[in-house]
There are 2 protein chains.
Amino acid sequence: MNRLMLDLGIIKLASPGIFHLLPLGIRALEKLKSLIDKEMHKINAQRLALPALTPAELWEKNWLTHEEAITDLLASIAPLSYKNFPLRLYQITSKYRDEMKSRFGLMRGRQFLMKDLYTFDIDMENAEQTYSEIIKSYENILTKLGIGFSQVLAATGNIGGLISHEFHYTADVGEDKLLFCSNCNYKGNVEISGQDYCPQCKSTKIIVRNGIEVAHTFLLGDKYSKSLNATYLDRNGSIANLQMGCYGLGISRILGAAVEVLSLEQELRWPLVLAPYKVVIIAPKGGSKEEVLTSGLDQELYDNIDKLDGYTGNILLDDRNHLTIGKRYLEARRMGYPYIIVIGSKATETNPLYELNEILTNKQHFLDKNELLQHFRSIQ
Amino acid sequence: MNRLMLDLGIIKLASPGIFHLLPLGIRALEKLKSLIDKEMHKINAQRLALPALTPAELWEKNWLTHEEAITDLLASIAPLSYKNFPLRLYQITSKYRDEMKSRFGLMRGRQFLMKDLYTFDIDMENAEQTYSEIIKSYENILTKLGIGFSQVLAATGNIGGLISHEFHYTADVGEDKLLFCSNCNYKGNVEISGQDYCPQCKSTKIIVRNGIEVAHTFLLGDKYSKSLNATYLDRNGSIANLQMGCYGLGISRILGAAVEVLSLEQELRWPLVLAPYKVVIIAPKGGSKEEVLTSGLDQELYDNIDKLDGYTGNILLDDRNHLTIGKRYLEARRMGYPYIIVIGSKATETNPLYELNEILTNKQHFLDKNELLQHFRSIQ
């Protein structure tokens, strides 16, 4: 059983730009990683880990720092046949940067977690198909998080290559500026398009909004494979260059940005799929008549919900009964648990009713055990 | 479906002491991490992540580098009541060291993965009980890996504290020396006991063997909590110092050492619970009569085994049918898959029989589909 012993919270500033990630934060992060792993598995991407001890680089617009290491790795495994492709390799690693403006917490920390994906194809037609497939996969990941996002054209910058897109959450605190054309639907980072008119249809019916960049994709072509000699043997046995793509997903940034976009001033809000725990049960105060009359119900409720698909391990019992229900309820709201169940006075009745608070929809219900379980089953 | 596209292997040397961890290696590592997470959950330990950007330290006998950060974290969350304890916090992080002798691969790499656990109790009696409980938990983890290990008394060294133990795999390549007394059953690192006689009963009936240290435990007392002011409020409302323990488990080292201990010269061997995939199916060679006559059986077999408890996602189809069965079989043995199924000539019969090779027991069976599924169910 997951008991709330001590509310350690989510993150805590250790020094400027450096954070302790506390148990709730780790749980959310692990859920995001697992969601990404599952999506990567669907597109047959294999995970690996390249060494982190590579020269430090400025990260500002240089998301992907392992192109050379991974191309080199591939070049070293010869001979590769055309039958081995497409090949998709990714890693999830901590990266560091010398960040002067670390004011946005996890969004721009000095230490951050990223997923890099590298793709290898035998020709441009296949590489373009891969590029579309990965973009679709990134859309799936971001859609599951339930926060609106925009995919925009981006500059290829230091990484280089043929085409590049970024995925953004639009938010005032975003440090990028995005141009949306109401006339032709063009979307782009103003870096490549200016802010005065649409670069595609020249219309001035445009909207410029701030964006938080959460993912970046590059169709690289043979820029890296050529210089690093990452080749394959084609159907005729001739040597040819691989066509590459590289793709970044800012894991800790997504976590920080999602919470930033969703939360209220005094209450955290998590995307439902990332909430550290979905349900918290608040047991009666010690010494109250409710404690005496509902004895054992908290444990029974916990065990029943814990058995439901999607809830196993996602439920927490707050039986710190030296604290009032009110204090624990406020704390639970601050932490952003989506469902808060209070065992209050109606739970002392012959057919005990529990107070279910649905935070995201701001609804309160009084339900008996079976109704409660049915409710959780139906919203799963 | 997990298809073997290109055999990238397990690890690859990037530069001395620095490794690329390839897809199979990552899978084994993730399995080990998950096994550890589950055991930590059982003892109510909560995971967090302390920043990695702390000053570099020599690691040789200094396993645990976050005592001060974590004690400081706890000291900053005040006031803590005695009701909040016992408290157990752990993290899994990459660490780095300046390692001159990096010849043993993952066993002594420059970059390595470790689990640190820190425990906090209100008095020494509780702290000792916690210490025993964690030792039991470490024994559970190591027992699940199926490799014999020894728990020995160790020096408290730089970390300090009241008592310390180490867990070792005994192996010739081990860099520690362990003394086992045949008279009184004492076991200790020779660092604290010399190599001439048993320090407990003075008997000379001793055996000295080399060991690979895979875990280390320290009962710290109040050494860190005192100096860093990590206190709590006792039942009377008085301030008292917490009693601590700290515990390290060398994750990448366990992986390297386990493979080192189990493997043959030409074939890897994994602890069954860590094998990157449990089962590989080798489909017939392209253009063979077996390919024509067994069409679709590989996929059917894959789907059936993949549905078995404990096998989901743990099965791999090697349908690189431009390679001979023999070549793929040898490669599968080299990689250490515990169960290799070959779809050969007996699979063309009316009741198709599959060749199941159990590598760990060196047995070969010919079984039809139902017998095969029953076999996997029974050994689960």
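Up top is the structure these notes are about.
Basis of the calculations
- Residues numbered from 1 in each chain as written.
- Chains lettered and ligands numbered in written order.
- Predicted model: local features only at pLDDT ≥ 70, side-chain atom pairs only at ≥ 80, totals over all residues.
- Heavy atoms only, no water.
- Buried < 20%, exposed > 50% of the residue type's maximum accessible area, 1.4 Å probe, protein only.
- Helix = DSSP H or I, 4+ residues; strand = E, 2+ residues; numbered from the N terminus.
- Pairing = 2+ DSSP bridges.
- Salt bridge = Lys/Arg side-chain N within 4 Å of Asp/Glu carboxyl O.
- Polar contact = N/O pair within 3.5 Å; in protein donor to acceptor, adjacent residues only side chain to side chain.
- Contact = heavy atoms within 4.5 Å.

A. Examining the pairing of strand β13 (residues 243-250) of chain B more closely. All names here are of chain B. By the criterion of burial, β13 is predominantly enclosed, with eight of the eight residues buried. Side chains Gln 243, Gly 245, Tyr 247 and Leu 249 project from β13 onto one buried face, and the interleaved Met 244, Cys 246, Gly 248 and Gly 250 project onto a second face that is buried too. Sheet analysis places strand β10 (residues 206-221) next to β13, joined by six bridges and oriented antiparallel. Looking across to β13, one finds that Thr 217 is bridged to Tyr 247.

B. Examining the pairing of β10(B) more closely. Residue and element names in this part refer to chain B. With respect to burial, β10 is a largely interior element, 12 of its 16 residues being buried. Of the pairings in the sheet, the one linking strand β7 (residues 163-170) to β10 comprises eight bridges and is antiparallel in character. Looking at β10, one finds that His 168 is bridged to Glu 213. As paired elements, strand β8 (residues 176-181) and β10 share six bridges and run antiparallel to each other.

C. Region of interest: the pattern of salt bridges. Residue and element names in this part refer to chain B. Within this structure, the stated rule accounts for 28 salt bridges over all chains. The shortest N-O distance in the salt bridge between Arg 269 and Glu 267 comes to 2.9 Å. With a closest N to O distance of 2.9 Å, Glu 300 and Lys 369 form a salt bridge. A residue pair is termed long-range when its members are at least 10 positions apart, and Glu 300 in helix α8 (residues 297-306) and Lys 369 in helix α10 (residues 369-379) qualify at 69 residues. Residue classification places Glu 300 among the partly exposed positions, given a relative accessible area of 32%.

D. Representation of the side chain of Glu39(A) in the model. Residue and element names in this part refer to chain A. Mapped onto the fold, Glu 39 is located in helix α1 (residues 23-42). Its relative accessible area of 3% is what places Glu 39 among the buried residues. A polar contact of 3.0 Å, which involves the side chain of Glu 39, links it to the side chain of Lys 42. Glu 39 has contacts with Ser 137, Asn 140, Ile 141 and Lys 144, leaving out every residue within four places of it along the chain.

E. Structural detail: the environment of Leu317(A). Relative to the assigned elements, Leu317(A) resides in strand β15 (residues 315-318). Here the alpha-carbon distance between Leu317(A) and Val280(A), two residues 37 residues apart in the chain, equals 5.8 Å.

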